[in-house]
Amino acid sequence: MRTEMARRRRESELALEAVTTTEWTAIETAPEEDDTLVLLFMCCHPALTLASAIALTLRAVGGLTTAEIAHAFPVPEATMAQRISRAKQSIKESGIPFQLPTSEERAQRLRALLHVLYLIFNEGYTSSAGPHLQRGDLSREAMRLTRIVHALQPDDAEVIGLLALMLLTDARRLARAGTEGELITLARQDRALWDRQQIAEGVALLSAALPKGSSGPYQLQAAIAAVHDEAARAKDTDWPQILALYELLKRMSDNPVVMLNHAIAAAMVHGPSKGLELLRALDSDARVANHHRLDAVRAHLLEMAGDHDGAVKHYRAAASKTLSLPERNYLLMQGARLSGVDGQE
């Protein structure tokens, strides 16, 4: 695998050469399917675990740094570097050719591919590090590739769900940052800036996916995004419905980010003490115990509960852990607001 974006061209040439190899069955490439998508399928190698395939693909094809991938999972950067290194070695030792997948193999690798696109979109929508809140190039590329996958698999409910999730989430992009690039939370956003055309398309896709069978995680997340998008004002948000959807998501996965969001929804329905109670279960979870999001959510719920001293402490703790400058500035400002001091530190 190539680990630098400058090597993409040679990988693309290798993929095109493999198409002409008669001893292997090539995938039926649709006219609109491009080399990037072909490479993504190729990187979901059968010698790898799902997590390793996703990590390696994000690094080699998605162009994310090791730190950004570690943030997406979330695990320490050193752990992710070792995982990517072992993934490369596993491919080398397996003896399995690095080739285009057959139609059957492509179906088997689809779930890994969808997760890769999901993580690339997330990194574009909220950058894990650096001076900018968003990286529109990444989120747009993820959406473009997901549209191609949808054209190839128009009846797959989770493909539809992922595309709907991206559309419904990205619809808020223009309202998420102020004129200086500062973070604007969902509750404070100018909803007139939301892209109603994208929202309508996302809702239509989601409505088409739901009758196709049991709902998967992308459909449920899209449904949550739709509930937020359809509320005319923040106070009109149907939090009981969002809480119920997070309950379903929790049954599918022990993802700590889902648990964090579930705690917020529970606090909005049952009060901050319930949310804080749910957060305590995450204090011993190594995946999130030292992540800034846990401190940020706890600070928000403590503020809701009227514990301003505790909220200031955790806002500052969260600010010290994030590598995103807009997030850091926002968290410091929240702490300063509650402590009554100037926000410049």
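See above for the structure.
Notes on the structure follow. On a predicted model such as this, the values are computed, not experimentally measured, just so you know.

So, how was this worked out
- Numbers given for residues are sequential positions, taken from 1 along each chain in its written order.
- Confidence filtering applies because this is a predicted model: local features only for residues at pLDDT of at least 70, side-chain atom pairs given and counted only at 80 or more, and all residues used for totals across whole chains, interfaces and linings.
- As a rule here, side-chain values come from all non-hydrogen atoms in the structure, and water together with hydrogens is ignored.
- Elements are defined by DSSP. Helices are runs of H or I of four residues or more, strands are runs of E of two residues or more, and each kind is numbered from the N terminus.
- It only takes one pair of heavy atoms within 4.5 Å for two residues to be counted as in contact.
- Method for areas: the Shrake-Rupley scheme with a 1.4 Å probe, in which residue coverage is limited to the protein chains shown.
- Lines are fitted to the C-alpha atoms to define the axes, a helix being fitted only along its stretch in contact, and any angle between axes, read from their N-to-C directions, falls within 0 to 180 degrees.
- For classification purposes, an angle smaller than 35 degrees is called roughly parallel, one larger than 145 roughly antiparallel, one from 65 to 115 roughly perpendicular, and anything else oblique.
- Should the near helix be turned anticlockwise from the far one by less than a right angle, the crossing is termed left-handed; should it be turned clockwise, right-handed.
- The residue classification treats Ala, Val, Leu, Ile, Met, Phe, Trp, Tyr, Cys and Pro as nonpolar and Asp, Glu, Lys and Arg as charged. All others, Gly included, are polar.
- Only protein atoms enter the 1 Å grid, on which a cavity is a set of points fitting a 1.4 Å probe that cannot get out and a pocket is an open set with protein on both sides within 12 Å along at least 5 of 7 lines, lining residues being those with an atom within 4 Å of a point.
- Grid points are joined across faces, edges and corners, and a volume is the space filled by probe spheres set on the points.
- By definition here, a salt bridge exists when the distance from a side-chain nitrogen of Lys or Arg to a carboxyl oxygen of Asp or Glu is within 4 Å.
- Burial status follows relative accessibility: with a 1.4 Å probe on protein chains alone, a residue under 20% of its type maximum counts as buried, one over 50% as exposed, and anything between as partly exposed.

A tally of helices and strands in the chain yields 16 helices and 2 strands. Of the contacts formed within the chain by residues at least 6 apart in sequence, a portion of 62% connects residues at least 24 apart. Only carbon and sulfur atoms are counted for the fraction: they give 52% of the accessible area of the chain, which is about 16,500 Å².

Between helix H3 (residues 50-60) and helix H6 (residues 103-125), the shortest axis-to-axis distance is 9 Å and the interhelical angle comes to 50°. By the criterion of interaxial angle, the relationship of H3 to H6 is oblique. For the crossing formed where H3 meets H6, the hand is right-handed. Within the contact between the two elements, H3 uses Leu50, Ile54, Thr57 and Leu58 and H6 uses Ala112, His115, Val116, Leu119 and Ile120. Here the residues of the contact of H3 with H6 sort into 7 nonpolar, 2 polar and no charged.

On to empty space enclosed by the protein, then. Scanning the entire structure with this criterion turns up 1 cavity of 30 Å³ or more. Volume-wise, the largest cavity comes out at about 30 Å³. In terms of lining residues, the largest cavity is bounded by Phe41, Arg106, Leu110, Val149, Leu152 and Gln153. Put simply, the parts of the chain that give the lining of the largest cavity at least two residues each are H6 and helix H7 (136-152). Taken together, the residues that form the lining of the largest cavity break down as 4 nonpolar, 1 polar and 1 charged.

For the structure shown, the criterion picks out 14 salt bridges. Note that arginine 233 is salt-bridged to aspartate 236, the shortest N-O span being 2.9 Å. A relative accessible area of 45% means that arginine 233 is categorised as partly exposed. Judged by relative accessible area, which is 36%, aspartate 236 ranks as partly exposed.

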